[in-house]
Amino acid sequence: MTLLGHDRYCDEIVGQTERLRAALADADLSVTVPSCPDWTLGELALHVGRAHRWAETIVRTRAEEDVPDNRVPDFEVPGGSGSGPGSGSGSAPDPAALDAWLAEGAEKTAATLRAVAPETAVWSWGWERNAGFWARRMTHETVIHRADAALAARVPYEVAPEVAADAIDEWLQCLAFAQAAGDPEAAELRGGGRSIHLHATDTADATGTAGTNGTATGAEGAEWLIEFGDDGFTWRRGHEKATVALRGPLTEVLRVFYRRLPADSELVEVLGDAKLLDFWLERATFG
């Protein structure tokens, strides 16, 4: 599923990274990221840049299996690699070097992806094993971690409606895939007779319904229904009553759904069984 189109995803990798870099400019890279408390702001930036280069290597080499870090070119920032979970040890990178490294990595990743068809077969951990998977995945990896950076740096955060809606779609696909693969936390997202409705109040009303993996495009119909069953959960775009509803501007619904904004924030409204929404959010985590 490539709702925005391959070229748009490639453009977004660069554009979202530019916005991430703007959030990092003049920020204290040593501050803890509230939504990722194991990381400093500098370590968050390193994570994003390394993810870009890892995905680029997978696509460029047509990898048929996972690629270890030591096979990823320029995996470290010149002048210091930083430290933190999964990053090894070393001095914190110079802010200017970090900025240039992030920009270069995003451009290189987008260029590699633009040079191939989205159907090009490569390894992935997910439900699609092709280049298109990585174009979409790196877009939303950057979108969500840009929210983290904005929170830590105390700068505004906004996402284009069609990008935010697709990020919710992709996250639901990730969770459904994790549940099918036996992830213990995702496996708990079940129990018949319960449902969650996500409702963006600043986009057009939903138009029609979709299948269990959704088929609406862009921000049109930026409402979702998640239904719990005995064997797991299903989801679709649509406007229907549910056990609990999360309502608000699409960017804020996105942030709550990814646990980047508390569900009791005054920016959103929760109607119905708030404990069910908490139950979902406690088990649906994006690191």
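Let me sum up the structure you'll find in this document. (Residues numbered from 1 in each chain as written. Predicted model: local features only at pLDDT ≥ 70, side-chain atom pairs only at ≥ 80, totals over all residues. Heavy atoms only, no water.)

So, the packing of helix 2 (residues 41-60) against helix 3 (residues 95-114)
Okay, so step 1: Where helix 2 contacts helix 3, the two axes come as close as 9 Å, and the packing angle between them is 25°. By the angle class used here, helix 2 and helix 3 are roughly parallel. Remark: the crossing between helix 2 and helix 3 carries left-handed chirality. Here A45, L46, G49, R50, H52, R53, E56, V59 and R60 of helix 2 come into contact with helix 3, specifically with L98, W101, L102, E104, G105, A106, K108, T109, T112 and L113.
Okay, so step 2: Across the contact of helix 2 with helix 3, the residue classes break down as eight nonpolar, five polar and six charged. (Axes fitted to C-alpha atoms, helices over the stretch in contact; angles between N-to-C directions. Helix = DSSP H or I, 4+ residues; strand = E, 2+ residues; numbered from the N terminus. Parallel < 35°, antiparallel > 145°, perpendicular 65-115°, else oblique. Left-handed = near helix turned anticlockwise from the far one by under 90°. Contact = heavy atoms within 4.5 Å. Nonpolar A, V, L, I, M, F, W, Y, C, P; charged D, E, K, R; others polar.)

Some thoughts on the nonpolar core
Okay, so step 1: W134, I168, L172, I196, W224, L254 and W280 are the most contacted members of the largest nonpolar core, which totals 69 residues.
Okay, so step 2: Here I168 is in contact with L198, W224, L250, V253, L254 and F257, once residues within four sequence places are set aside.
Okay, so step 3: Formed by 18 residues, the second largest nonpolar core is a distinct cluster that contains L20, V33, L41 and V77. (Core = buried A, V, L, I, M, F, W, Y, C linked by side-chain atoms within 4.5 Å. Buried < 20%, exposed > 50% of the residue type's maximum accessible area, 1.4 Å probe, protein only.)

Let's talk about the side chain of D169
Okay, so step 1: By secondary structure assignment, the location of D169 is in helix 5 (residues 161-180).
Okay, so step 2: At 2.8 Å, the side chain of D169 forms a polar contact with the side chain of R237. (Polar contact = N/O pair within 3.5 Å; in protein donor to acceptor, adjacent residues only side chain to side chain.)

Digging into the pairing of strand 5 (residues 232-237)
For a regular strand, the rule is simple: side chains alternate between the two faces of the sheet.
Okay, so step 1: Where burial is concerned, most of strand 5 is hidden: five out of the six residues are buried.
Okay, so step 2: Here six bridges tie strand 4 (residues 223-229) to strand 5, and the two strands are oriented antiparallel to one another. Looking at the pairing, L225 lines up with R236 of strand 5.
Okay, so step 3: Counting the residues that bridge the hairpin from strand 4 to strand 5 gives two residues. (Pairing = 2+ DSSP bridges.)

Topic: helix 7 (residues 250-257)
Okay, so step 1: Counting buried residues along helix 7, eight of its eight residues qualify, which places the element largely inside the surrounding structure.
Okay, so step 2: The complete set of buried residues in helix 7 reads L250, T251, E252, V253, L254, R255, V256 and F257.
Okay, so step 3: Against helix 4 (131-153), helix 5, strand 3 (195-200), strand 4, strand 6 (244-248) and helix 8 (274-283) lie the buried residues of helix 7.
Okay, so step 4: Among the residues trailing helix 7, R259 stands out with phi positive, at a value near 65°.

Re the side chain of R283
Okay, so step 1: Looking at the secondary structure, you find R283 in helix 8.
Okay, so step 2: Of the polar contacts made by the side chain of R283, one reaches the backbone oxygen of F279; its length is 3.0 Å.

Re the pattern of salt bridges
Okay, so step 1: Applying the stated criterion to the full structure yields 18 salt bridges.
Okay, so step 2: Here R50 and E76 are joined by a salt bridge, their closest N and O atoms 2.4 Å apart. Of this pair, R50 sits in helix 2 while E76 sits in the loop between helix 2 and helix 3, and the two are 26 residues apart along the sequence.
Okay, so step 3: Residue classification places E76 among the partly exposed residues on the basis of a relative accessible area of 34%.
Okay, so step 4: Between R283 and E188 there is a salt bridge whose closest N-O contact spans 2.5 Å. Taken together, the residues R283 in helix 8 and E188 in the loop between helix 6 (184-187) and strand 3 connect sequence positions 95 residues apart.
Okay, so step 5: By relative accessible area, which is 19% here, R283 ends up buried.
Okay, so step 6: Several salt bridges share partner residues, and in doing so they unite R8, E12 and E162 into one network. (Salt bridge = Lys/Arg side-chain N within 4 Å of Asp/Glu carboxyl O.)

Observations regarding unusual backbone geometry
Okay, so step 1: A positive phi angle, near 55°, is found at R62, a position not held by glycine.
Okay, so step 2: Among the structural elements, R62 can be located in the loop between helix 2 and helix 3.
Okay, so step 3: Take R62: its relative accessible area is 39%, and that puts it in the partly exposed class.
Okay, so step 4: With phi around 55°, D74 is a residue other than glycine that occupies positive phi space.
Okay, so step 5: For D74, the location among the structural elements is in the loop between helix 2 and helix 3.
Okay, so step 6: For D74, a relative accessible area of 47% puts it in the partly exposed group.

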